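Structural features, examined
So the chains spell out like this:
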Amino acid sequence: MTLARWVRRASSHTELLLYLATAAITAMLTVVSLQLWKANLAVPLNYSGDAVSTSAHFKTVIEEGWYEYQPRLGAPFGQFYNDFPTADNLHLVAAKILGLFTQDWAVALNTYYLVGFVLTAIAAVWFLRTCGVSLALSGVLATVFALAPYHFLRGEAHLWLASYYGIPLGLGLLVLLLRGVSLWGRGTSPNPVLSWLFSPTARTLLWIGILATSSSYYAIFFLVLLAFTGLSVLVRDRAWRPFWAAATAGVVTVLVMLANMLPDLVYGWQNGANPGGLDRGHAETEGYALKLAALLLPWSDHRIGFLRAFRQQYDSSYPLASELPALGLIAAVGFIGAVIILLLLLVTRRRPWNSAPSWDLVSGLAALILVGFLFSTIGGLSTFISFATSSLRGWNRMSIVLALLSLGVLGLLLDKALAHWFTRHEWRPGARRVTVGMLCVGLLGVAFVDQTPSDASATYASTEKQFAADHLWFSAVEASLPEGSAVLLLPYLPFPETQAGNGFIASNQLVPYLQTTNLRWSNGGIKGRPTADWPGQLSNYSHADLATLAATADMAGIMIQRAAFTDGGAAVETALAASTGHAARVSADGQYAFVDLQGIRTDLADTKSSTTLGAAAELITIPVTAYPTPSLGSAFDEDEVSILVSRRLPASFVVANAGAQPVPVTVTFDVVSEVESGSTTVSFPGGGRQVQQYTDHTATFTLAFTAPPDTATVDIAVVDAVGGPVRSAKVVHLTVTQDALSTYLSGSTR
């Protein structure tokens, strides 16, 4: 084939070549940005915090087939993820597909994260070409979008958010609406099957399906911008058809989200609501909102040292870091350009140029940027949404939507400026191509320096070392126990989204699960139900009883995660050594200590009847448990003491009895407030009522009553010395002990 013929054939497939070239360039820059030649892809790139939770999802899907139920977490009942509803199933489908090629969850996880860069770039090319941006700039700006600081900040810790390739597809549908292109209808093929298969309807359904299955947040952002687009086109064109097309797209989006959440909704209907599973405060919306300065400043891991230090100083000195959003310099220029265009439109009411279609689209994209920012900024429209629901708090995640819209504006402005310059100065085609090429290379260079991590490989060696140490330790523990044994992990941190008083995150407690194959672990059940939170109730009893309680619950051992304790687990280990008669085994790196309970289990089986053990095990693993109502928020203080902080008074908490029979319990707690002289009145089930006077800001309560099946409410009201109501208080040292279990322990040998 001659060169001329090859060029002619290639030119007939320029769009395909654009996608392939963009994918290749993005892949190359991803490898360089992350320094992947230094990484071991059989080890997760991130092995702490929320990345551990993401890893657990991949492991669960690969080993169990799906993520909703995991028998090896939340022992003895298992982890039911239905209690933490989500519409982000696309990523789990990807994990399942990758599981067809590898059973190594770390390889699958890393592969999906890395492929996400390329998928994002490909989707962004479609968006930019739909906007009418030129071929060269579409490829470059799509790569810039794929390498956004947001992508690296989210990483494997927030992999669902980092996999934002659905965003360009949704925003592209908005562009079609702004351009007057139909979202629905048949294609042009004379074949009836192909006319629907390759039709606007099929494209819209597919794009919405990908977006609404990939992220609840991105789907909600799309719905907000879709509503504005539909209304604005209705006003602009005075035509109802585009409005109803937008409304139909919105309905489809909601239906896809509901279809994704249907198993969770059904589970909730069958098992009752779990208010603790997704326990978030309404005010958190403003803690997770955008700030204009944060968007426009360099990001926190900039390659240029003084810019990196400046941003880190800003984030540490100014309030509400809000997950460190940043557009990157190139998108920030587009953002500022959009603001200037809106101001010109407002002040002059004239178009900067006469080409109506391109002007209408640029102004439309700029308006979408404004709407997105007004919803997501601190004190913005999202605050009003928070009055109705606390589930949508992370509006700073709109930053990646604003980034793509800004790049779309910048691409159109650059194309217009270049065309004007070339025409005015009568540049020849060769000079034009060279200039555009130099501009593209410059943009990629700026993006690489401005948006990619300063040293992505800095943690690779330490992560691999920790991963290997954990694997060695847990393999040894697993080999010492019968297959399928259950292990109690201490301390108990409710999962997910809980942090100990010393900053240790609950997700890190999934490491033992990641590193074992056959053991079952007590942690990792979704918080909010007694069958998941039972390990936390063990703290209501003496450390000296821990071994007996755990062995009665059929735990073969106790694993102590020392970093989660303020004292490194010293108190628990000392008590366990005294009650079991032998010291704990300690991992080589000192992170874990393990106490074998098989001997105690044998002793209990020899001294207790199976009926007695079964009844006690049920009391331990299905305990009567106290939970806050919306009037109280849960937290841990600096001494790792669980506290309930009043959002308003009078306040209340519920006592949940998941069993079928009433259970006699004793509930003790302190109410602490600013009151020096006054009283607290507590009303509890069965018509009981107690009034306690304050001593040194504290009123102490001990309530004995029978907890009925289901839930019963304990109400708390505080008044000052003159009888006025008090609006703020803490409930601390809340314990619920079951009388029958206390009797069982008193008769057990330790």
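Check the entry above for the structure.
Residues numbered from 1 in each chain as written. Predicted model: local features only at pLDDT ≥ 70, side-chain atom pairs only at ≥ 80, totals over all residues. Heavy atoms only, no water.

Regarding its fold elements, the protein presents 29 helices and 17 strands. The C-alpha atoms of the protein give a radius of gyration of 30 Å, which matches the 27 Å a tight globule of 750 residues would have. A principal-axis box enclosing the C-alpha atoms of the protein has dimensions of 95 × 65 × 60 Å. A total of 750 residues make up the protein; the buried ones form 53% of that total. Contacts in the protein between residues far apart in sequence, at least 24 positions, make up 77% of those at least 6 positions apart. Here the protein displays about 31,900 Å² of accessible surface, and carbon together with sulfur accounts for 63% of that area. (Helix = DSSP H or I, 4+ residues; strand = E, 2+ residues; numbered from the N terminus. Rg over C-alpha atoms; globule rule 2.2 N^0.38 Å. Buried < 20%, exposed > 50% of the residue type's maximum accessible area, 1.4 Å probe, protein only. Contact = heavy atoms within 4.5 Å. Areas by Shrake-Rupley, 256 points an atom, 1.4 Å probe, with all protein chains shown as cover.)

Below, the discussion takes up the sheet that holds strand β4 (residues 520-521). In a beta sheet, neighbouring strands are held together by backbone hydrogen bonds and run either parallel or antiparallel to one another. With respect to topology, five strands assemble into an open sheet ordered β4-β3-β5-β7-β6, the strand pairing being mixed. Taken across any chain shown, the strands that pair with only one partner, and hence form the sheet edges, are β4 and β6 (585-586). With five bridges connecting them, strand β5 (residues 555-561) and strand β7 (residues 592-596) associate as antiparallel partners. Bridging from a neighbouring strand, Ile-560 pairs with Ala-593 of β7. Sitting on the sheet, helix α22 (residues 460-479) is in contact with β4, β5, β6 and β7, with an inclination near 5 degrees to β7. (Pairing = 2+ DSSP bridges. Axes fitted to C-alpha atoms, helices over the stretch in contact; angles between N-to-C directions.)

The interhelical angle for the contact between helix α9 (residues 166-178) and helix α11 (residues 200-214), taken along N-to-C directions, is 140 degrees, at an axis separation of 8 Å. Put simply, α9 runs oblique to α11. The interaxial crossing formed by α9 with α11 has left-handed handedness. Between α9 and α11, the contacting residues are Gly-166, Ile-167, Leu-169, Gly-170, Leu-173 and Leu-176 on the first element and Arg-203, Thr-204, Trp-207, Ile-208, Ile-210 and Leu-211 on the second. Of the residues belonging to the contact of α9 with α11, the class tally is eight nonpolar, three polar and one charged. (Parallel < 35°, antiparallel > 145°, perpendicular 65-115°, else oblique. Left-handed = near helix turned anticlockwise from the far one by under 90°. Nonpolar A, V, L, I, M, F, W, Y, C, P; charged D, E, K, R; others polar.)

Ranked by internal contacts, the top residues of the largest apolar core, which has 154 residues, are Phe-58, Tyr-218, Ile-400 and Met-559. Every residue in contact with Tyr-218, bar those within four places of it in the chain, is listed here: Tyr-150, Trp-160, Leu-161, Tyr-164, Ile-167, Leu-211, Arg-397 and Ile-400. Within the second largest apolar cluster, 31 residues are counted, among which are Leu-597, Leu-604, Leu-613 and Tyr-744. (Core = buried A, V, L, I, M, F, W, Y, C linked by side-chain atoms within 4.5 Å.)

In this structure the tally under the stated criterion is 32 aromatic pairs. Centroid distance Phe-243 to Trp-244: 5.1 Å. Interplanar angle 70 degrees. Geometry classified as edge-to-face. Plain terms: the ring middles of Trp-421 and Trp-427 are 6.4 Å apart, the flat faces sit at 80 degrees to each other, and that makes the pair edge-to-face. With a relative accessible area of 44%, Trp-421 lands in the partly exposed category. (Phe/Tyr/Trp six-rings, centres within 6.5 Å; stacked < 30°, edge-to-face > 60°.)

Rolled over the atoms, a probe as big as a water molecule pinpoints where empty space is left. In this model, the second largest pocket occupies a volume close to 360 Å³. Arg-236, Leu-345, Asp-360, Ser-363 and Gly-364 are the residues nearest the centre of the second largest pocket, which is lined by 14 residues in total. Residue composition of the lining of the second largest pocket, grouped by class: eight nonpolar, three polar and three charged. (1 Å grid on protein atoms, 1.4 Å probe; cavity = no way out; pocket = protein on both sides within 12 Å on 5 of 7 lines; lining within 4 Å. Points joined across faces, edges and corners; volume = space filled by probe spheres on them.)

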